[in-house]
Amino acid sequence: MTSPSLLVAADLGIGLTCAALALLVAVIKLTRAVAASSRQARVAPYRVPVLSVAAGGDEDDAASATLREVPDRDWGAVRDVVVAMLGKVRGDSARTLVRLLDARGEFERARSALRSRRAIRRARAAYLLGLAGQQRDAGLLLPLLGDRSAEVRLVAARSLGALGDPAAAPAMFGALGLVRGQPGIPIAVAAEALLNFGTGAVQAVIEAMGSADVTLRAAATMVAAEGALSATAPRLRQLLADEPDLDVRISAALALGRVGGADDVARLAALTGAAQPTALRRAAALALGELGHPDAVPILSRLLSDPDIRLAQHSGDALVRVGPPGVRALTEAASGSGPGNPAGRVAAGSLAIARLRKAPLVPTEPVSSR
Amino acid sequence: MTRWLLGDLRHAVAALTYALQIPIIGYFLLINSSYLMLILVAGSGSLRHARRLEHSGRREALGGRLTPGVSVIMPAYNEAATIVPAVQAMLSLRYPRYEVIVVDDGSSDGTVARLTEARDGRTRLVVVAKENSGKAEAVNTGINASAEALVAVVDADSLLDPDALLVVSKPFADDPVLMVATGGMVRVANDCPVIAGRVTDVRMPSSWLARIQVVEYLRAFLLSREGWSRMGGLILISGAFGVFRRDVLVEVGGLLHGSLGEDFELVMRLHKRLRDQGRDYRVEFVAEPVCWTEVPTSVKVLHRQRKRWHRGLWETLWAYRGVLGRPRYGIVGLVAVPWYWLFELLAPVLELAGLVLLGLGTALGVVNLAFFWLFMAVAYGFGIVVTLSAMAVEELSFPKYRRWRDLGVALLACLAENLGYRQATAWWRAEGWWASLRGRAQVWGTMTRTGFADGDGTRNG
């Protein structure tokens, strides 16, 4: 039998551990409460000046002056409030907050921290510099796209996007590949940053579309689709013709819907054919709607009766986007709706949704449907 | 004759106690040590997450043009008591692109009719009414109706914090290629005031049954979710709140109709299929508490729930027994699944067997009373250590209970859990397993909702 004395010892040990843990929970709670209260007390005198600057009401510079003079012992707490506010405001207010942080030496400290051995410090510094939005810091952030920490690479990419310097575009594409044997930054993060670079990045986008790396092509087509970069149209047509990756073709189709012209109706219509992958057919239908050309109306009308209900619904929505000719086609299709006419039901549904969205050019009278 | 029988029984119990004492003590030590280790791993994960909130990219995701769209699917069956605040909360989440799909699974309490009170005209709300056929088919119907790249499955009685989608879908933005599923931390909302579908003040429930479940949920989510997630072996995402890549969900066939543990079964199937295909992927848990749910306050409903959960656990583990111990399934097959067999499935049976043996031994004089109590104190005391560790992790990372009174109640609930609750749930869990082994019909049962407390303390259900 297990020795009772051993059990007594174990019970004592467990009892003490329980008491210690309960005490620890209480101490953590107390410490947190005291810290929060102290923080609040330190921030309280400066809350109004911070709000005044953030709201753009500091015309006589009095609030900024007060904040510049915050004693060092209180600055840590006030700084956090200022940084949090900087993430919420734009324009002059943001610029004033940036000047204040600069005057307090926050950005200099952040620039030094970019070389810290601790990843979290590098990431925080990169975040703050991105929030500040000063393009001169782009050069300091660029090397972080190859940082040994994936977290730092990610934050650096977002911050470079926030700075909006198109010169960083090639490096951003480069960061999509393997970095130190690890996967590069996610496509969506790179694409989001590239979108912030605007038309200045178009050359890099076009070049990436011709890359042998599918990740780069995918990011480039995403940017072309979302950014409506019209200069990419010829390259997009080429991708639609010979791209092996389905996701890239889908992005290219959506992009062409944004930047293409009348000549692209036939090209996109061919992608709605039954032999094409479902996702590509759906994307092509949406793209035809985006294109908004009346020539797309008969193609989209036919797709209203497609067995793929989602494609049919996309086609209905696309007809609404085409404008009056599309709406007329939908109204006509809806008038004949019934159990044996799925196209009519889809058309009635698209019109109803368009009406709910208050889309222009849709008749206000509901179309009778069953 | 009776004396002779008693003598024999005493000998048998003595022999059994002697033979099993070391294995039983070993099992208790092992199970609680593994719990403690998982809590510590989870704790480091939670702290890491908490320290990175500022630069996590949430603000950028909110304004992002490429933030993946999410279809929020809410299967509902007789949820009239809570459906309006739940849908209101869904419709006012902070997320750039999402839709809400409520699938009414043939409710008879007017759930659909109440939904008209919930629509806000800004976020797309799709209501699909179907005949009753169970939660799995309701979710699958919602997946069919969904239009976005990500699908969030949320119980109709769950309340989400405003940033819940941003928080739980963020891993998909950070790693869109590998991430296939994420789960969110679920907490207890009983008696918390709810305004416009939001939990506005987190407080301990008034019922002791619910209070015990507060600490139980806290421990369970840190253990079975965050701990395993950090180790790359997350095999359970709560049906109350999980986000999945829609294409992967469709590829694996959605939820399995007829399964009692459909959330567990789905994640196991994801692991199995993707590993079988040799694909690289990630399933992750997000430690930030963003989802609130009502837990049973009646013994009858709790009994049914635990019976069902354990039956679902057994049926899923049995269905995927081929994963057990197989190196091709990595940490899932070699560590997580064996752990679930040993410390989740077997735990109630072994706990009950230990209790019966010790009780019998004490009654027959084989085990002295002092030993009995000392042993029980060790066994349950270690459990209390685990729960208190979970509470410490919570206080360090994402503390939600502000009042000192709530802390006192939670500490008492840690103790109270061991005075009948644990034993009762062990019995119910064993019952669930037994019912499955005997091939008894599967019953989902109904969860009687009382509705959430309104801002002024009244019920809105």
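Residues numbered from 1 in each chain as written. Chains lettered and ligands numbered in written order. Predicted model: local features only at pLDDT ≥ 70, side-chain atom pairs only at ≥ 80, totals over all residues. Heavy atoms only, no water.

1. Focus on the overall build of chain B
- Within chain B, the secondary structure is distributed over 14 helices and 11 strands.
- Scaling as 2.2 N^0.38, a compact globule of 461 residues should have a C-alpha radius of gyration of about 23 Å, and chain B matches this with 23 Å.
- A principal-axis box enclosing the C-alpha atoms of chain B has dimensions of 80 × 55 × 45 Å.
- In chain B, buried positions account for 59% of the 461 residues.
- In the form shown here, chain B has an accessible surface area of approximately 18100 Å², with 60% of it arising from carbon and sulfur atoms.
- Averaging the locations of the 51 positively and 43 negatively charged side chains of chain B gives two centres separated by 3 Å. (Helix = DSSP H or I, 4+ residues; strand = E, 2+ residues; numbered from the N terminus. Rg over C-alpha atoms; globule rule 2.2 N^0.38 Å. Buried < 20%, exposed > 50% of the residue type's maximum accessible area, 1.4 Å probe, protein only. Areas by Shrake-Rupley, 256 points an atom, 1.4 Å probe, with all protein chains shown as cover. Lys, Arg positive; Asp, Glu negative; His and termini not counted. Charge placed at Lys NZ, Arg CZ, Asp CG, Glu CD.)

2. Here we look at the overall build of chain A
- Across its full length, chain A holds 20 helices and 0 strands.
- Compactness check: chain A gives a C-alpha radius of gyration of 29 Å against a globular reference of 21 Å for 370 residues, more than 25% above the reference.
- Expressed along its principal axes, the backbone C-alpha trace of chain A runs to roughly 80 × 75 × 50 Å.
- Per-residue burial over chain A gives 50% buried out of 370 residues.
- Across chain A, every contact between residues at least 6 apart in sequence was considered, and the portion connecting residues at least 24 apart equals 60%.
- Averaging the coordinates of the 43 positive side-chain charges in chain A and doing the same for the 34 negative ones gives two points 5 Å apart. (Contact = heavy atoms within 4.5 Å.)

3. Some words on the packing of aromatic side chains
- A complete count under the given rule lists 15 aromatic pairs over all chains for this structure.
- Ring geometry for Trp314 of chain B and Trp318 of chain B: centres 5.3 Å apart, planes at 25°, overall stacked. Note that Trp314 of chain B and Trp318 of chain B are positioned in helix α10 (residues 299–319) at a spacing of 4 residues, about one turn of the helix.
- Taking 6.0 Å as the distance between ring centres and 85° as the angle between the ring planes, the aromatic pair formed by Trp314 of chain B and Trp341 of chain B counts as edge-to-face. Taken together, the residues span a long stretch of sequence, with Trp314 of chain B in helix α10 and Trp341 of chain B in helix α11 (residues 330–345) at a distance of 27 residues. Taken individually, Trp314 of chain B and Trp341 of chain B each receive the classification buried, so the pair is uniform in this respect.
- Here the aromatic cluster, defined as three or more aromatic residues joined through ring pairs, consists of Tyr27, Tyr35, Trp228, Phe264, Trp339, Tyr340 and Phe343 of chain B.
- Positioned above the aromatic ring of Trp404 of chain B is the side chain of Lys29 of chain A, whose terminal nitrogen or guanidinium carbon lies 6.0 Å from the ring centre. (Phe/Tyr/Trp six-rings, centres within 6.5 Å; stacked < 30°, edge-to-face > 60°. Lys NZ or Arg CZ within 6 Å of the ring centre and 35° of its normal.)

4. Observations regarding the environment of Leu334 of chain B
All names here are of chain B.
- Within the secondary structure, Leu334 is located in helix α11.
- Given a relative accessible area of 43%, Leu334 falls into the partly exposed group.
- Distance from Leu334 to Val323, taken between C-alpha atoms, is 8.3 Å for residues 11 residues apart in sequence.

5. Quick look at the interface of chain A and chain B
- Counting residues at the interface gives 44 residues for chain A and 51 residues for chain B.
- With both chains or domains summed, chain A and chain B bury close to 4000 Å², and 63% of this area falls on carbon and sulfur atoms.
- At the boundary of chain A and chain B, one finds 2 salt bridges.
- Residue Arg52 of chain B is joined to Glu151 of chain A by a salt bridge in which the shortest nitrogen-to-oxygen separation is 2.7 Å.
- Linking chain A with chain B are 10 residue pairs in polar contact (both at pLDDT 80 or more).
- The set of elements that each furnish at least two residues to the side of chain A that touches chain B consists of α1 (4–54), α6 (119–132), α8 (150–163), α10 (187–197) and α12 (214–227) of chain A.
- With 17 residues, the single largest contributor to the side of chain A that touches chain B is α1 of chain A. (Buried area = accessible area lost by both parts, 1.4 Å probe. Salt bridge = Lys/Arg side-chain N within 4 Å of Asp/Glu carboxyl O. Polar contact = N/O pair within 3.5 Å; in protein donor to acceptor, adjacent residues only side chain to side chain.)

6. So, the sheet that holds strand β10 (residues 282–293) of chain B
Residues and elements named next belong to chain B.
- Sheet architecture is open: 8 strands sit in the order β3-β2-β1-β4-β9-β6-β10-β5, paired in mixed fashion. Edge positions in the sheet fall to β3 (124–130) and β5 (158–160), since each of these pairs with one other strand and no more. When strand polarity is set aside, the average angle formed by the axes of neighbouring strands in this sheet is 30°.
- In this sheet, strand β9 (residues 241–245) lies alongside strand β6 (residues 179–188) in antiparallel orientation, the contact comprising 3 bridges. Within β9, the residue paired with Gly183 across the bridge is Gly242. (Pairing = 2+ DSSP bridges. Axes fitted to C-alpha atoms, helices over the stretch in contact; angles between N-to-C directions.)

7. Let's talk about helix α4 (residues 91–103) of chain A
- Helix length check: α4 of chain A, at 13 residues, gives a terminal C-alpha distance of 18 Å against a target of 18 Å (1.5 Å per residue), a fit within 8%.
- Its buried side turned inward, α4 of chain A meets α1, α2 (62–68), α3 (72–86), α5 (106–113) and α6 of chain A. (Expected span 1.5 Å × (residues − 1).)

8. As for α10 of chain A
- The buried fraction of α10 of chain A is high, at 10 of 11 residues.
- The set of residues buried in α10 of chain A consists of Ile187, Ala188, Val189, Ala190, Ala191, Glu192, Ala193, Leu194, Leu195 and Phe197 of chain A.
- Where α10 of chain A is buried, its residues meet α8, α9 (169–174) and α12 of chain A together with α6 (164–174) of chain B.
- Gly198 of chain A sits one or two positions beyond α10 of chain A and adopts a positive phi of about 70°.

9. Let's talk about the pattern of salt bridges
- For the structure on display, the rule yields 44 salt bridges over all chains.
- When the shortest N-O distance is used, the salt bridge between Asp72 of chain A and Arg104 of chain A registers 3.0 Å. Here Asp72 of chain A is found in helix α3, whereas its partner Arg104 of chain A is found in the loop between α4 and α5, with 32 residues between them in sequence.
- By relative accessible area, which is 67% here, Asp72 of chain A ends up exposed.
- In this structure Arg104 of chain A comes out as buried when scored by relative accessible area, which is 13%.
- Arg269 of chain B serves as the salt-bridge partner of Glu265 of chain B, at 2.8 Å between the closest nitrogen and oxygen. In this pair, Glu265 of chain B and Arg269 of chain B both sit in helix α9 (residues 262–276), 4 residues apart, roughly one turn of the helix. Per residue, the accessibility class of Glu265 of chain B equals that of Arg269 of chain B, and both read buried.
- One salt-bridge network, held together by shared partners, links Arg39, Arg79, Asp80, Glu106 and Arg109 of chain A.

10. Examining the side chain of Arg111 of chain A
- With respect to the secondary-structure elements, Arg111 of chain A resides in helix α5.
- A residue is classified by how much of its surface remains accessible, and Arg111 of chain A, at 10% relative accessible area, is buried.

11. Points about the packing of helix α16 (residues 278–291) of chain A against helix α18 (residues 309–322) of chain A
All names here are of chain A.
- Put simply, α16 and α18 touch, their axes get as near as 7 Å, and they point 10° apart. Classed by the angle they form, the pair α16 and α18 counts as roughly parallel. Taking contact as the criterion, the partners of Arg281, Arg282, Ala285, Leu286, Leu288, Gly289 and Glu290 in α16 are, on α18, Arg310, Leu311, His314, Ser315, Ala318, Arg321 and Val322.
- For the contact of α16 with α18, the residue count by class is 6 nonpolar, 3 polar and 5 charged. (Parallel < 35°, antiparallel > 145°, perpendicular 65-115°, else oblique. Nonpolar A, V, L, I, M, F, W, Y, C, P; charged D, E, K, R; others polar.)

12. Structural notes on the nonpolar core
- Membership of the largest hydrophobic core comes to 149 residues, with the highest contact counts inside it found for Val72, Met74, Leu165, Phe241, Tyr340 and Met391 of chain B.
- Residue contributions to this core peak at 16 residues, all from helix α13 (residues 369–397) of chain B.
- Shared between two domains, this core takes at least three residues from each, and those domains are domain 1 (12–42 + 337–437) and domain 2 (58–324) of chain B.
- If we ignore the near neighbours within four places in the chain, the residues touching Met74 of chain B are Ala86, Val87, Met90, Val100, Ile101, Val102, Val103, Val154, Asp155 and Ala156 of chain B.
- Counting residues in each nonpolar core, the second largest holds 117 residues, with Val82, Ala225, Ala343 and Ala348 of chain A among its members. (Core = buried A, V, L, I, M, F, W, Y, C linked by side-chain atoms within 4.5 Å. Domains from an automatic or database assignment.)

13. Remarks on a nonpolar patch on the surface
- A surface patch of nonpolar side chains, about 300 Å² in accessible area, is lined by Leu30 and Val34 of chain A together with Trp404 of chain B.
- Tracing the backbone shows Val34 of chain A in helix α1. (Patch = residues over 30% accessible without salt bridge, like charges linked within 9 Å, V, L, I, M, F, W, Y side chains within 5 Å.)

14. Here we look at the domain arrangement of chain B
All names here are of chain B.
- Here chain B is described as being made up of domain 1 (12–42 + 337–437) and domain 2 (58–324).
- Just the C-alpha atoms count here: the centres of domain 1 and domain 2 sit 28 Å apart.
- Each side of the interface is counted separately: domain 1 has 44 residues, and domain 2 has 48 residues.
- A buried area of about 4400 Å², summed over both sides, lies between domain 1 and domain 2, and 74% of it is on carbon and sulfur atoms.
- Connecting domain 1 to domain 2 are 4 salt bridges.
- Note that Glu417 is salt-bridged to Arg219, the shortest N-O span being 2.7 Å.
- Counting across the domain 1 and domain 2 interface gives 14 residue pairs in polar contact (both at pLDDT 80 or more).

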